[in-house]
Amino acid sequence: MKITLETERLYLREFTIDDAQLLIDLNSDIDVTRYTGDGLVKDIDEAKRILTDIILPQYKNKIGRWAVHLKSTDEFIGWCGLKYLVETNELDLGYRFFKIHWGKGYATESARAVNDYGVNTLKLTSIVARAAKANVASINVIKKMGMVYLKDEMCAHDPAEVYILK
Ligand SMILES: CC(C)(COP(=O)(O)OP(=O)(O)OC[C@H]1O[C@@H](n2cnc3c(N)ncnc32)[C@H](O)[C@@H]1OP(=O)(O)O)[C@@H](O)C(=O)NCCC(=O)NCCS
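Let us look at the structure shown here. Being a predicted model, the structure only gives us computed values, none of them experimental.

### Brief notes about the overall build of the chain
Within the chain, the secondary structure is distributed over 4 helices and 8 strands. Ordering the α and β elements of the chain from the N terminus gives β-β-α-α-β-β-β-α-β-α-β-β. Since a compact globule built from 166 residues should have a radius of gyration of about 15 Å, the 15 Å found for the chain is in line with a globular shape. Structurally, the chain occupies a C-alpha span of about 35 × 35 × 30 Å along its principal axes.

Here you go:
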């Protein structure tokens, strides 16, 4: 297991091709994907394709969406991390957790560790985050990161806000 980051309550590790079922489980809740622009991962083959084509290639640049686990039980609770967006040449902070783990500060805790790593270790000069305006929890997390409002845009058919950390 390749652990990238640790916080007080969490560790963040690289996904592997064996984690396909975790992606299926996480996206199976419509409340989790309400504002994310994707939806159900239909089967193991699709989950493996997401890992192979989208998630795993990011790790070679020392960034990526990392699997987040509770230190206390090793339970997988979701993911958090940085993704390079080719279309906009941006490093994008993202996170997603099972509903039973919402409201416990895990997004804030993991996102803070990811941003610190991006700025202090990778020496990134900017990180962006975007969330649907209606996704109040996500906007709150972004604001708690000290990220500042940059612009409005549409995100998966929802009016959204883009924030930046410089
Ligand atoms: C967005 C998400 C990651 C937040 O995770 P979380 O671990 O619950 O977030 P945290 O507990 O760290 O912080 C959420 C903050 O928003 C607040 N909040 C949550 N829901 C809220 C709501 N409906 N209205 C107002 N505030 C809300 C919380 O009180 C907390 O703020 P506080 O620390 O000042 O009390 C989680 O809801 C999720 O996985 N959603 C589905 C996937 C998703 O939308 N990802 C983001 C795409 S941009």
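Next comes the rest of the account.
### Section: the site of the ligand
Taken together, 20 residues sit near the ligand, with Trp-102, Ala-107, Thr-108, Ala-137 and Asn-140 positioned nearest. Counting residues per element, the ones that place at least two in the shell around the ligand are strand E5 (90–97), helix H3 (106–121) and helix H4 (136–144).

### Digging into the nonpolar core
Judged by nonpolar contacts, the single largest core of 33 residues is most densely connected at Val-68, Cys-80 and Ala-111. Of all elements in the fold, only strand E2 (10–14), strand E3 (64–70), strand E4 (76–85), E5, H3, strand E6 (127–132), H4 and strand E8 (158–165) reach the threshold of two or more residues within this core. Once residues lying within four places of it in the same chain are set aside, the contact partners of Ala-111 are Cys-80, Leu-93, Tyr-95, Val-141 and Met-145. With 5 residues, the next largest nonpolar core counts Ala-20, Leu-23, Leu-26 and Val-41 among its residues.

### Topic: the pairing of E8
Here E6 pairs with E8 via 6 bridges, running antiparallel. Bridging from a neighbouring strand, Ala-132 pairs with Ala-160 of E8. Sheet topology places strand E7 (residues 148–155) next to E8; 7 bridges connect them, and they run antiparallel. The residue bridging Val-148 from the neighbouring strand is Ile-164, located in E8.

Definitions and limits used
Residues numbered from 1 in each chain as written. Predicted model: local features only at pLDDT ≥ 70, side-chain atom pairs only at ≥ 80, totals over all residues. Helix = DSSP H or I, 4+ residues; strand = E, 2+ residues; numbered from the N terminus. Rg over C-alpha atoms; globule rule 2.2 N^0.38 Å. Near = placed C-beta within 6 Å. Core = buried A, V, L, I, M, F, W, Y, C linked by C-beta atoms within 7 Å. Buried ≥ 20, exposed ≤ 12 C-beta atoms within 10 Å, placed from the backbone. Contact = placed C-beta atoms within 7 Å. Pairing = 2+ DSSP bridges.

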